[in-house]
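Next come the chains, spelled out residue by residue.
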Amino acid sequence: AGLDIYDARIVSTHFDAIKGRFPNSKRTLKLKATVLEGQGHFENEEKILKAILKDEPTDVVARKRRVAMLKSQGRHDQAIAALNTYLRCFMADEEAWLDLANMYIRAGLIEQAVFCLEDVLLADRYNMHMFTKYADAMYTQGDYITAKKYYVYSLSISSGVRNIRALFGLCQACSVLEITKAAVPQTQNQRLFEWGERTIIRHYLTADKTKLDTVVTALMSLRPDDATLGNSSKKKK
Amino acid sequence: ERMAPGAGRGLDLGPAAALKALLHCAAHPWAACGGLLLGSGGSARDAVPLFHSPGALALSPGLEAALCQVEAYARSKGDGTTIVGYYQANARPEDRELGGAAHKIGERLVQNCGGAVALLLDAKQFKSMMEEESPGGQVPFVAFTPEGGRLRVDPGFGLTLQDAGTNKLVKEYLMEKKERAIVDFDDHLDDISKDWLNPDFDP
């Protein structure tokens, strides 16, 4: 906690107490590595982690700490490589797959991110946020048809909950598909868009009337049957 | 393509714009975050914080939804308000590059608004400013403008604060930890009752 807000006094007081109680513990050593990272002493941290991993290559915490360290240093390519290596051994670590997906997204490597997200989805089949994220990645890659399918799936597992991101995503995907005439049948996109639009408006009516006009105008500019407003940039794609 | 320095190329940041942008960056110190600047005629009157999650800036749909709505809002004001710029803070203070998302936004701004500036927070300058007893009138951002199809550092771009007391106000808010109440588009999508216009932060 002290490291999170970076209060040097809290960190040193508590770390010294832990070290006093458990001088030979590996956990203490890993904590020390984290403290060093907080202080920016990456070389020393790396030494400690290397030593731990030489002794015990399956130490999950040390491995993850190393990935975190690489991220802190901005060595993103190496962080990605290290996390890939970790996942080859620990394939069921859903959290790690998600972390790797985010790293790939950050690097603009959407295809690789998609691969990782698929593993997350396998593990967590009722998480609407993950399905929306997957749909977002598909949309970013230009696969609007798959994006639309996954937005719909996300919405289908989230009935009764406000899933605004998926609703907007759905309207956007339908809009692009309709405007570029990329999907058949076309009437379905129009109907899906209208359903999405109505649902969004219903949510804003109950939660935040101040933004209602803005949202209505924004959705109107996306309307598949009103291709002149706001979507000229999409047509150029 | 680029005008000569001093040929009227600059952005004057109004108190609401600077306050919201800086507090947004301060509210998410461990993440990259970004937002839009609204105004007209070389001055930014307001800021709309957009995102602070790692994926949001790099994935298109959220970004497009936000741009769409902010543009609709700007038009609805009917006073010529448009998006005049984009600000960003990186997760690591040593990171002096704008990522791909900034370029996407920059492209859109140039298309729709005929001019674009991306401001990257200089975290070290911001930190030392806030540590001063009485912060002055510096603007802790580095300006990037389009040149040859890319956003490049533009040292000749004039960044000014409309109100000399803006940084003092930012410091006051930070001391009261008010930055935690700043709402960005990310927060809004999670809970639409939260207002990305942040009316409580209009000085």
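Because the structure is a prediction, the values reported are computed rather than measured.

(A) Representation of the interface of chain B and chain A within the structure. Contacts between the two partners involve 27 residues from chain B, matched on the other side by 35 residues from chain A. A buried area of about 2,500 Å², summed over both sides, lies between chain B and chain A, and 59% of it is on carbon and sulfur atoms. The largest contributions to the chain B side of the interface with chain A come from L59, P61 and I192 of chain B, which together make up 26% of the buried area. Applying the counting criterion to the chain B and chain A interface returns four salt bridges. Close ionic contact of D95 of chain B with R106 of chain A constitutes a salt bridge, the shortest N to O distance being 3.6 Å. Seen at the junction of chain B and chain A, the total is nine residue pairs in polar contact (both at pLDDT 80 or more). For the side of chain B that touches chain A, the secondary structure elements donating two or more residues are α2 (60–76), α3 (100–113) and α6 (185–190) of chain B. Looking at the side of chain B that touches chain A, the element that brings in the most residues is α2 of chain B, giving eight residues.

(B) A look at helix α4 (residues 123–131) of chain B. Residue and element names in this part refer to chain B. Residues F126, M129 and M130 constitute the buried set of α4. Mapping the buried residues of α4 onto a view down its axis gives an arc of 95 degrees, with all of them on the same face. Set apart from the buried face of α4 by more than 90 degrees, the exposed residues are K127 and E131. Those residues of α4 hidden inside the fold are in contact with α1 (15–27), β5 (118–121) and α5 (166–175).

(C) Spatial organisation of the state of the cysteines. Residues and elements named next belong to chain A. Inspection of the entire model under this criterion finds zero disulfides over all chains. With no disulfide partner, C116 has as its closest neighbouring cysteine sulfur the one in C89, 16 Å distant. A relative accessible area of 1% places C116 in the buried class. The structure places no disulfide on C171, whose sulfur is separated from the nearest cysteine sulfur, that of C174, by 6.8 Å.

(D) Summary view of the nonpolar core. F168 of chain A together with F51 of chain B are the most contacted members of the largest nonpolar core, which totals 96 residues. In terms of residue count, the dominant contributor to this core is helix α11 (residues 164–179) of chain A (10 residues). Within the second largest apolar cluster, 33 residues are counted, among which are L11, L13, L119 and A143 of chain B.

(E) Just the sheet that holds strand β2 (residues 33–40) of chain B, in detail. All names here are of chain B. Within the open sheet, the eight strands sit side by side as β7-β6-β5-β4-β2-β3-β1-β8. Their pairing is mixed. The sheet is open, and its two edges are formed by β7 (150–153) and β8 (158–161), each paired on a single side. Put simply, the sheet's adjacent strands are angled 35 degrees from each other on average, direction ignored. Both strand β1 (residues 10–13) and β8 contribute to a ladder of four bridges, which runs parallel. Within the sheet, the bridge partner assigned to D12 lies in β8 and is T160.

(F) Fine view of the confidence of the model for chain A. Residues and elements named next belong to chain A. Put simply, chain A has an average pLDDT of 85, and 92% of its residues get 70 or more. By mean pLDDT, helix α14 (residues 232–235) is the weakest element of chain A at 43, and helix α10 (residues 144–156) is the strongest at 95. This stretch, residues 227–237, has a pLDDT under 50; its non-local contacts, to residues over four places away or in other chains, come to 18 contacts.

About the thresholds
- The numbering scheme is per chain: residues are counted from 1 as the chain's sequence reads.
- By the order in which they are written, chains take letters starting at A while ligands take numbers starting at 1.
- For this predicted model, a pLDDT threshold of at least 70 governs which residues receive local features, and a threshold of 80 or more governs which side-chain atom pairs are given and counted, while totals over whole chains, interfaces and linings are taken from all residues.
- No hydrogens and no water enter the side-chain calculation; it runs on all heavy atoms of the structure.
- The contact criterion used throughout is that any non-hydrogen atoms of two residues lie within 4.5 Å.
- Accessible-area loss on putting two parts together, using a 1.4 Å probe and summing over both, is the definition of buried area adopted here.
- Between Lys or Arg on one side and Asp or Glu on the other, a salt bridge is scored when a side-chain nitrogen of the former is within 4 Å of a carboxyl oxygen of the latter.
- Residues adjacent in sequence count toward polar contacts only when both atoms are side-chain atoms; beyond that, a polar contact is any pair of N or O atoms within 3.5 Å, and within protein one must be able to donate a hydrogen and the other to accept it.
- What counts as a helix is a DSSP run of H or I of at least four residues, what counts as a strand is a run of E of at least two, and both are numbered from the N terminus.
- Residue burial is assigned from relative accessible area. The probe radius is 1.4 Å, only protein chains are included, and a residue is buried under 20% of its type maximum, exposed over 50%, and partly exposed in between.
- What the arc describes is the spread of directions from the helix axis to the C-beta atoms.
- Cysteine sulfur atoms are paired as a disulfide whenever they fall within 2.5 Å.
- Within this scheme, the nonpolar core is defined by two criteria: the residues are buried Ala, Val, Leu, Ile, Met, Phe, Trp, Tyr or Cys, and they are joined through side-chain atoms within 4.5 Å.
- By the convention used here, strands pair only if DSSP detects at least 2 bridges between them.
- A fitted line through C-alpha atoms serves as each axis, taken over the contacting stretch for helices, and the angle formed by two N-to-C directions is quoted from 0 to 180°.
- You can read pLDDT as the predictor saying how much it trusts each residue, on a scale of 0 to 100.

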